[in-house]
Structures are given as C-alpha cells and as structure tokens.
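A look at the structure
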Amino acid sequence: MIEKFNFKVIEKKWQHKWSESDSFVAKKDLSKKKFYILEMFPYPSGKIHMGHVRNYTLGDVIARYKRGKGFNVLHPMGWDAFGMPAENAAMQNNIHPAEWTYENIETMRSQLKLMGLSIDWSREFATCDQDYYHHQQKLFKKLYENDIVYKKKSYVNWDPVDNTVLANEQVIDGKGWRSGADVEQRELSQWFFKIKDYAEELLSDLDILDKWPEKVKLMQKNWIGKSEGCHLCFEIFDSNKDKTNQQLDIFTTRPDTIFGASFCAISPMHPLAKKISETNESVTNFINTQSSSAVNEESIARTEKEGLKTDLFVEHPLKKDTFLPIYIANFILMDYGTGAIYGVPAHDQRDFEFAKKYDLEILQVIKNKNMDEELTEAFTGEGELINSDFLNGMSVEEAKKCIISKLEELKLGKKEINYRLRDWGISRQRYWGCPIPIIYREDGEIVTVPDNELPITLPDDVDFSKPGNPLERHPTWKYTTCSETGLKAIRETDTLDTFVDSSWYFMKYCSDDIKMSNFKNEDLDYWMSVDQYVGGVEHAILHLLYSRFFSKALKSSGIGNISEPFNGLFTQGMVCHETYKTKKGEWVFPSDIKEKDNIFFHRETNEEIIKGPSESMSKSKKNVIDPEAIISMYGADTARWFMLSDSPPGRDINWSESGVRGSWKFINKVWTIINENKNLFETKIETTEIKSKKYNEIKKITHKILKDVTNNIESFQMNVAVAKIYELTNFISTFRPENNNDKDALKESIEILVRILEPMIPHLAEECWSIIGGNDLLCKQPWPIFDAQYIQDDMIQIVIQVNGKKKAVLEIENDSEQDKIIEKLKNIESIQVVKDLSKVKKIIFVKNKILNIVI
RNA sequence: GCGGCUAUGGUGGAAUUGGUAGACACGCUGGUUUUAGGUACCAGUGAGGCAACUCAUGGGGGUUCGAGUCCCUCUAGCCGCACCA
C-alpha cells in the first residue's frame, strides 16, 4: 500500500530547494533570448484570495514552461501598495497606513510563497517604498520638463463631509460611498497628464498588439473615441442682431446637415454661460440647478432635455439673414468638443427632443427613398441631401467633404478630429500616495524640487482623526524654502493617483539591482517589453491604457525605447462560488454550511440556509474560500491543478469541493504510478530491435500527448492540456509491459509525464523526478521535444460517408489512395452503393480523413 | 440607446479550424474490495428504439458532397460605454 502524497513535508522541501539554489533569480544575459512574464501585481489588502491563486498559477505555468523551452525568464512580483484602503484602515483602526500596508504585505508574501510560484523574489518591491516613489518623482519631473504635465482648474466630485475628492466609481447614486453625503461638483486646480496628445498613437498602435484580446482593444478604441468632423466659428449677435465682437466655437461630426440647423446650444459650464450669468439671475439659477446633482451616468442620460434661451444669436454661415438662437442646455457636455453645438433636430435625436419641447424648426435635409412625410424621430441613416442649396443631391459622405472644403474656403471652419479621451487627472487629496515634487514659491512661481532634495518623503506623524488630507493640515510638512532663491515656499500637498504607480512598475523590475534607484535604459532594452501579461479584464481600460501612455510619454522624454509595454495580454476569468443566505437574507460563508439530503443548514445554529446562484467570489456576499485553508488541507499542487482544470482560463471558473477532491485524487494517482514503477529506473534496461504493438502504442500516445500539451500551453488552453495529461496518466496506469522494450518505453513515458507536470504541479513533479533518479532540479530540465516518427502510424482510420452521413470507419494503410479504399469497401455489407458505381454521382476524397460517396 | 461576446449531455467543457460531435473531468447507476466509507478499483452513462437504425450542438432559414464551426435572422444571457454633438 502506497502512502498518500505527503504534501505538507514535500511542498516545503522543494520550495526550500528552489529558493536556496536561486533557481528563479533572473540574470540579464545578452546571449540568451529573454521572456518576460508578468501577472498584475496585487494590492496588499490583507490576505490573498482565489483570484490571485488563479492569476498567479496561470502565470507560473507560462514561466516554468518557458524556462523549459530555454528562455531566460523574468517572473517578478511586487505590491501596488498606495491607496485609500490603507487610509480608511488608519481612520477606522487608528493604525498608520504604512504599518497596515507592510503587515499585509508580510502576510500575503508568505501566502504566495506557499503556492510554490517560480518568482524572482529578489526583485520584489512595494510602490510605497521610498526608493520606488523617489524614482517616480524623478519621472514626474522628466514629464514635467517635457511638457507632458500641466495644471488646470477642473470640476471634481467633492465629498463635503469627508472633505475630499472622490473618483467617479466612489460616487454611488450621487452620494459619497463612505459618508453618504450628497456629492458636489467643485472646481479645483489639479495636475494632469497630457494623455490626449497621445490619443492617436494609443489608437493606431492597437493594431500592432496582435497578441491582445480583441475585446480589450475594442474597449480601448471606444474609450479613446475618435471622431472626425468639423470645427466652426460663428459670430455672436445680440438681441438687436448687432455684432457683439464675440465668437462661438462649435464642433460637429455632421457638417453635412448644416442647412438643417435651427439653434445653437452651449453647456451650463461654458465660459459664455458663466459670463451671461454674471448679469442675469435666471441664467445663474439655471446653471446652479444643473451643476449640483451628480447622479449616476445612466440616469443622467435619461434626464429630460432642458434649456434656457439666451438673448444671443449666431448668424447661419451659409443662409444669410438667418439667425439661430443660443440656448444653454443641460445635455451639452463641457469637456467634449468645444462645449457647444448647433442643433439639427431632424437628424439628431437629442436635438429632436429639444426642438419639440421648445418649439424649434425641424427642417429635414437628408431624405431616404421610402420615408414618411412627417418625422416622428430623428433620421440618422444614409440618404440624399435636400433643402441644402449646393449640397442637394449628394450622399452624406459627399456632402461632408464638400461642405468642409467650402467652409475652409470661406474661412468659417476647418476639418477637425476629436477624441472622447480626456486628459488624466492625477491629483489626489490624500496622504497615502506619492508626493508630487512641486513647490509653490511666495513669488507665485511653481517650480519642481531639485533632484538633490528628492525624495520628498511622507511625514510619519500624521493625524487621521479629522476628515480631509492630513498633509494639508500637517503643522510643518508643507512649509519649505526654495533652495535656489531662498524664497519661502509651500509644498504641493496633493499626491499622485495610484494608477501612476502601476503605470511603470513593470519597468522597475528590470533593474538588475532593485535597491538602487538608478533606472538604466540598457536593462529596459534587454527585458522590455513584457512578453506575456496576465490579469483581470477589469483593468482593460484604465491600468492598461495608462501604462501604454506612460511608456510612450517616457519614450518621448528620452527614457526607454518602449512604445508598447505589453506585447501579449491574457485576461483570465473570475473565480465563482455558490452563495448562501439565511431566510432573513443574511449572507453565510460556505465553510459554515452543512448539507443533508440536499438541504443546507448552518453548522452551528442549525438554521436552514438557502443556496443561491454561483457568483464571483466577494467578501460582501461571503461566498469566498480561503486559499490558505485549501492549501493546508490539500496542498498547493491540488489548488493549482484545480485552477487549471475544466474551465478555459479566459472564462469564469466555479469553485467546487468535488472538483478539489478530484484534483487531490489525481495528485495521488500520479504519486501511486511513480511509486509502483520506481524500480524500473533502478537499473539500465537492455533493449532489442523488435518492437511490439504495445510498444508502438505507448510511444504514439506519449508523443502525441506531448505535442498536444505543448500546443495547448502555448495557446493558453490549460484545461485541455490538463485533459490530455489525464489521458496519458490513465494510459500509463493500465499499461503492463511484457518485455524490456515495453519497459523502456514506459520509462520514457513516465519521464515525459513528470516533466510536463512540472509547470502545473511543480512540487509533486520535483519529488517524482528525484524518485526516478533524474539529475539536478526538474525545473531546470529542458522541455522534451516530441518525436514525429512515433506519431505517424502505419494504419489509420478513415471515415466512410454516404451523402455526408457516416456509414463506417475503415482501418487502412496510411496514405492509401481512393481506388484502394473503394475496393475494400466492396467487402462491407452496410455500404451497398459501391457495388454499382454507375449510380454514384461524385466521390469526395480527403486523404487519411474521409471518403464521401454522393448518390 | 450604442458597441461587443456567448449559447454543445444532468454539470464544467473537448472537437486537428469545414471532415467520426460529446475527448477529459464532475455527477449518477451497478459491481468488487474494505470493520466502515465522503476510500480504491472495474463496468455503464446524449435521447429514442428489441434491433438494424433514427434524432441530436439555443430557435428558424441558407451556402456546401459535408456545418457545432461559414452567412442571414430571431431568442436568451453576460460584458463594456453611456446625452460624446
């Protein structure tokens, strides 16, 4: 009787061996091909969760596989350690954010180490390390010097109770997520990165990223939101139709509809609206009612169109003596285009609704053949221009071209491209972030802090008992002097958005000596770009777009030469689990449930529990399984194997107890096979030339599966690779060698099995490798290459169809020709047709695959 | 509202990319071993039929010698964006 696999002892043993032999420490070596595999680094929230287990297992399979393939692999790990949860913990539990963060890192590092990941821990860092943010401050300065950073006033979500800015995601139904207070729109002076300047490059370079999911590229494309149109400049007239010497700029993508324009509208935030409000109380009131309530975006989109007519007009540029009234309207966004439009009610649904409400002219200028007389909604389709002077009869496309050149000729407008993408606001009124290396001098100058005064470090003595930014109200921290002029100065008390931290961390890993703050281009030149990035799809836009921008921005500032940081991207699915609730609707942890005859009860209270649908694991629904508990019960290999089985990595996986037990069963099956066959490896086996059928069979299956598993790993089909390995394992476990040749083949088969298991379940594989007498560490062994001669068989199966329906399967020599097969078919009862070939219309023959007789 | 993805047994999912549908696993049924089984092993398991066979990849249509795979259309579910001029 073979004992169960003792993972508790064996997993520790190999983790120790890998670590002491520096097996996964990466060294720059220009003579070797590199492979940079990276998973999105974790936020140190407390403990690792199953999502991390899935993410890092997937990455580790790739890392270990690529090492086997002979690549110089970089597989690092670090911590996305700045951010709000640390400050919230500070407020709630009176613990310093640094202490909270570093404690969590300790815990999570030790948890990750239990998983046996092949990570180069020598390159580990946290973004809240002084060294890291020191370097980030230098990068900020570089971007500042290269005119990629600027400061401007902008509207932000302001929580009046917590005295802080909130991100859009933190505003729930118009209220602050923590305080519950009504969120205000407040104008603040904020730092921005000029990501908009890179919009075109960010868009067009998506085409190079052929190893990215189409879905993510499309999301980024939509987010960038390029649209081509026309910029127009109107003269503004007063109520007496006299020139005011002011102008109104508008942007439109439909210049072709210009003859249908019946009004203009500007945003309540538009400078012109503000100017009018100075002397007009009703305008002031209107603007105030529009700017106060920030509700969620969907309901904003459904809000009824409202407007206020001003006393101003613009003259239609092509229809003399036609004046369009200017409205201030709630549906015009200030931060898209110019914050002003001309309204063409017949061909834009919003303008249509607005015109109906305020009784404005609806003039149709595009007509489609089969159209009703009266428009009941805006017509946005293709058609022919009418009521449009010189544009009449043209298609939409033709009219666009024609009108733009006409407007350009008249110097009234010009072709323009607009992007939905907005500049990236990076100021946060927070303590736990990277200080911005800027001082405001008493003479009004804004200057960067000189390099020899960096890093600007966060003060330790901070007070979280009051809401707001502790840096702002710190007694001394912000007061300083300018070393160049001796003038008094005040530090910038805003810190950088944490997305800045994660926009270049993958470059920092490339530093040979991670503790040095030097950032060498030659290191980047060797290791960058990341060959394979793995993470959740929830970062499809922000993190991935910001990182792409940052690489480009650094490149144009002379740092690195990377235009795309991530060559390959894989977005893995989520880990789900059934949910459980009491009848009162309180969530219950799965670990507190017991089951009897398909009815669920609370383990302690015996209360009946209702089982709900499987949803992605979340603390709030309590449908979480603690990875550490699983690892201590079944071991890391079982957890890893389960994560790779069944579900394709890109889709959601459902965590199940029976699935984990199945994985544990498999681990032991391999363990049993190795122990039962270990004597095979003790002596050399003499072989002979004559090979049995059995021998050919095991050779064929082994090499076929080796080939398949290799392809499956390359194409991220880990679940299929797992299935193939099951097949091989099942075959080996029932294989009974009859002679020395068979034994020799079995040995090879077992060796291959052990080698291809290593990326997935490395502890077991290493232990097996040592049992069968393999040299050195298994993780340093090359990946085996399948031998094509064993895969090719003399006899193959060919499918016989009649009219496309399968009638028989014929075993025949490889590469047999059609005639030979037809001959053979004459002996088969169920296929009568071949006896009289005159009735056969056609024969479709695909060599070694199929023969289809059409009658 | 706009854009996208997905749909295969009781379940998760395979299918060499247009060529034997259901690999592999879970579950279930029966059997053997065991003091016991939430163990191990063996056999069976898409549906219908005694059978030869027939029907089956969300529904309907099409292209093709041949369709889970390609095209059209409908339905359902999921995801992203959201007054973007």
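Look above for the structure.
This is a predicted model, so every value here is computed, not measured.

1. Things to note about the overall build of chain A
- Secondary structure summary: chain A contains 26 helices and 34 strands in total.
- The C-alpha extent of chain A, read off along each of the three principal axes, is 110 × 85 × 65 Å.
- In chain A, of all internal contacts separated by at least 6 residues, the share reaching a separation of at least 24 is 71%.
- For chain A, the exposed area adds up to about 40500 Å²; of that, 48% sits on carbon and sulfur atoms.
- Across chain A, the mean location of the 114 positive side-chain charges is 5 Å away from that of the 131 negative side-chain charges.

2. Structural notes on the nonpolar core
- Counting 171 residues, the largest nonpolar core has Tyr-36, Phe-193, Tyr-505 and Trp-655 as its most contacted members.
- Apart from the residues within four sequence positions on either side, Phe-193 is in contact with Phe-140, Leu-143, Ile-148, Val-149, Asp-423, Trp-424, Ile-426, Val-500, Phe-549 and Phe-550.
- The next biggest cluster of nonpolar side chains, apart from the first, holds 41 residues, and it includes Cys-230, Ile-266, Ala-273 and Ala-378.

3. Re helix α5 (residues 130-145)
- A rise of 1.5 Å per residue sets the reference length of α5, with its 16 residues, at 22 Å; its end C-alpha atoms lie 23 Å apart and thus fit the reference within 8%.
- Residues of α5 that are buried include every one of Tyr-132, Tyr-133, His-134, His-135, Gln-136, Gln-137, Leu-139, Phe-140, Lys-141 and Leu-143, and no others.
- Looking one or two residues beyond α5, the residue adopting positive phi is Asp-147, at roughly 65 degrees.

4. Some words on the protein's contact with RNA strand B
- Around RNA strand B, the structure places 53 residues, and the nearest of them are Thr-253, Lys-305, Leu-333, Arg-350 and Asn-852.
- Of all atoms in RNA strand B that approach within 4 Å of the protein, 61% are sugar or phosphate atoms.
- Note that a sugar or linking oxygen of RNA strand B is positioned 3.3 Å from one of the side-chain N or O atoms of Arg-420.
- Between RNA strand B and Arg-661, the relevant distance is 3.4 Å, taken from a base nitrogen to a side-chain nitrogen or oxygen of the residue.
- The greatest single-element share of the surface near RNA strand B, amounting to six residues, is contributed by helix α22 (residues 718-734).
- Per-class residue counts for the surface near RNA strand B are 21 nonpolar, 15 polar and 17 charged.

5. Quick look at the pairing of strand β26 (residues 575-582)
- Most of β26 sits out of view: seven of its eight residues are buried.
- For β26 and strand β30 (residues 653-654), the ladder comprises two bridges, and the chain directions are parallel. Bridged to Val-575 within β30 is Ile-653.
- Sheet analysis places β26 next to strand β29 (residues 608-616), joined by six bridges and oriented antiparallel. Each residue of the ladder has a partner; that of Tyr-580, found in β29, is Lys-611.

6. Regarding the layout of surface pockets
- Put simply, the second largest pocket is a space of about 490 Å³.
- In terms of lining, the second largest pocket is formed by 14 residues, of which the most central are Asn-696, Lys-700, Asp-793, Asp-794 and Met-795.
- No other element matches the five residues that helix α21 (residues 693-714) contributes to the lining of the second largest pocket.
- Here the residues of the lining of the second largest pocket are counted per class, giving four nonpolar, four polar and six charged.

7. Thoughts on the packing of aromatic side chains
- Under the definition given, this model contains 46 aromatic pairs.
- Here the aromatic rings of Tyr-431 and Trp-432 are separated by 6.0 Å at their centres, their planes lie at 25 degrees, and the arrangement is stacked.
- Overall, Trp-432 belongs to the buried group, its relative accessible area being 5%.
- Residues Trp-641 and Phe-666 carry aromatic rings whose centres are separated by 4.3 Å and whose planes lie at 5 degrees to one another, so their mutual orientation is stacked. Of this pair, Trp-641 sits in helix α19 (residues 636-644) while Phe-666 sits in helix α20 (residues 657-677), and the two are 25 residues apart along the sequence.
- Judged by relative accessible area, which is 0%, Trp-641 ranks as buried.

8. Brief notes about the pattern of salt bridges
- Within the structure shown, the criterion is met by 41 salt bridges.
- One salt bridge in this structure joins Glu-564 and Arg-548, with 2.8 Å as the shortest N-O distance. Of the two residues, Glu-564 is situated in the loop between α17 (542-556) and β25 (569-572) and Arg-548 in helix α17; the sequence distance between them amounts to 16 residues. Pair check on accessibility: Glu-564 and Arg-548 agree, each one buried.
- As a salt-bridge pair, Glu-758 and Arg-755 come within 2.9 Å of each other at their nearest N and O atoms. Grouping residues by exposure puts Glu-758 and Arg-755 together as buried.
- Counted as one network, the salt bridges with shared partners bring together Asp-60, Arg-64, Arg-640, Arg-755 and Glu-758.

Procedures and definitions
- Residues numbered from 1 in each chain as written.
- Chains lettered and ligands numbered in written order.
- Predicted model: local features only at pLDDT ≥ 70, side-chain atom pairs only at ≥ 80, totals over all residues.
- Heavy atoms only, no water.
- Helix = DSSP H or I, 4+ residues; strand = E, 2+ residues; numbered from the N terminus.
- Contact = heavy atoms within 4.5 Å.
- Areas by Shrake-Rupley, 256 points an atom, 1.4 Å probe, with all protein chains shown as cover.
- Lys, Arg positive; Asp, Glu negative; His and termini not counted.
- Charge placed at Lys NZ, Arg CZ, Asp CG, Glu CD.
- Core = buried A, V, L, I, M, F, W, Y, C linked by side-chain atoms within 4.5 Å.
- Buried < 20%, exposed > 50% of the residue type's maximum accessible area, 1.4 Å probe, protein only.
- Expected span 1.5 Å × (residues − 1).
- Near = heavy atom within 4 Å.
- Polar contact = N/O pair within 3.5 Å; in protein donor to acceptor, adjacent residues only side chain to side chain.
- Nonpolar A, V, L, I, M, F, W, Y, C, P; charged D, E, K, R; others polar.
- Pairing = 2+ DSSP bridges.
- 1 Å grid on protein atoms, 1.4 Å probe; cavity = no way out; pocket = protein on both sides within 12 Å on 5 of 7 lines; lining within 4 Å.
- Points joined across faces, edges and corners; volume = space filled by probe spheres on them.
- Phe/Tyr/Trp six-rings, centres within 6.5 Å; stacked < 30°, edge-to-face > 60°.
- Salt bridge = Lys/Arg side-chain N within 4 Å of Asp/Glu carboxyl O.

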